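Per-entry structural report
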Amino acid sequence: MSDEFANLSDLEIVSLIHRANEELVRRKEMHKETLKADIEQKLRKAGLDLADLFPELGDRDDAAGPDGKASARATRPVPAKYKNHASGDSWSGRGARPPQWVRSILAERGWTIEQFKASEEFQA
């Protein structure tokens, strides 16, 4: 143990750690704001905005949460590509796992997901 901490109580060390962590968060936020301002200035100087560099971000105004900041992962509704015309259920074709109605059809017919997607019967 370092001599500089030897005379501190456990509570004083915990308090020091807490204050140091708060300072790190403050510095990171300050650095982020400085970097943001620098990037915005460079973009304005070049006559550009973020959408020019990152068109995949699109118009993100609707992505703001209640605090006014953009959410980490803003999503927009994706139109359905597949539809069970009998029940009205639909699916965009995205996601790690198809919805239950699609899984039921796959099991019932012995299809793979590729066969399902190729079938014109369930096109939206």
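Our structure is the block above this text.
Bear in mind that the values here come from a model prediction, so they are computed numbers and not experimental data.

This paragraph deals with the overall build of the chain. Looking only at helices and strands, one finds five helices and two strands in the chain. The order of helices and strands in the chain, counted from the N terminus, is α-α-α-β-β-α-α. For the chain, the residues scored as buried account for 13% of the 124 residues in total. A total of about 10,400 Å² of accessible surface is found on the chain, and carbon and sulfur atoms cover 54% of it.

Moving on, we get to a nonpolar patch on the surface. Together, Leu35, Ile39, Leu48, Leu50, Leu53, Phe54 and Leu57 make up a nonpolar patch on the protein surface, roughly 570 Å² of accessible area in all. The set of elements that each furnish at least two residues to the nonpolar patch consists of helix 2 (10-46) and helix 3 (50-53). With respect to the helices and strands, the residue Leu35 is situated in helix 2. For Leu35, a relative accessible area of 42% puts it in the partly exposed group.

A few words on the environment of Gly110. On the secondary structure map, Gly110 appears in the loop between helix 4 (100-109) and helix 5 (113-118). Beyond its immediate chain neighbours, meaning those up to four positions away, Gly110 contacts Ile105 and Gln115.

Let us now look at helix 2. The periodicity of an α-helix, 3.6 residues per turn, causes residues three or four positions apart to be oriented the same way. Between its first and last C-alpha atoms helix 2 spans 54 Å; for 37 residues at 1.5 Å apiece the expected length is 54 Å, and the two agree. Positive phi shows up at Gly47, right after helix 2, with a value of about 70 degrees.

The subject of this paragraph is the packing of aromatic side chains. Following the criterion strictly, the structure yields seven aromatic pairs and no others. A ring pair is formed by Tyr82 and Phe116, whose centres lie 5.5 Å apart and whose planes are at 50 degrees; its orientation type is tilted. In this pair, Tyr82 sits in strand 1 (residues 82-83) while Phe116 sits in helix 5, placing the two residues 34 residues apart along the sequence. Judged by its relative accessible area of 6%, Tyr82 falls in the buried class. A ring pair is formed by Phe116 and Phe122, whose centres lie 5.1 Å apart and whose planes are at 25 degrees; its orientation type is stacked. There is no split in this pair, since Phe116 and Phe122 are both buried. In textbook terms, an aromatic cluster arises when at least three aromatic residues are bridged by ring pairs, as seen for Tyr82, Trp91, Trp101, Trp111, Phe116 and Phe122. One residue, Arg109, lies across the ring of Trp111, its end atom 4.9 Å from the ring centre.

Reading guide: rules and limits
Residues numbered from 1 in each chain as written. Predicted model: local features only at pLDDT ≥ 70, side-chain atom pairs only at ≥ 80, totals over all residues. Heavy atoms only, no water. Helix = DSSP H or I, 4+ residues; strand = E, 2+ residues; numbered from the N terminus. Buried < 20%, exposed > 50% of the residue type's maximum accessible area, 1.4 Å probe, protein only. Areas by Shrake-Rupley, 256 points an atom, 1.4 Å probe, with all protein chains shown as cover. Patch = residues over 30% accessible without salt bridge, like charges linked within 9 Å, V, L, I, M, F, W, Y side chains within 5 Å. Salt bridge = Lys/Arg side-chain N within 4 Å of Asp/Glu carboxyl O. Contact = heavy atoms within 4.5 Å. Expected span 1.5 Å × (residues − 1). Phe/Tyr/Trp six-rings, centres within 6.5 Å; stacked < 30°, edge-to-face > 60°. Lys NZ or Arg CZ within 6 Å of the ring centre and 35° of its normal.

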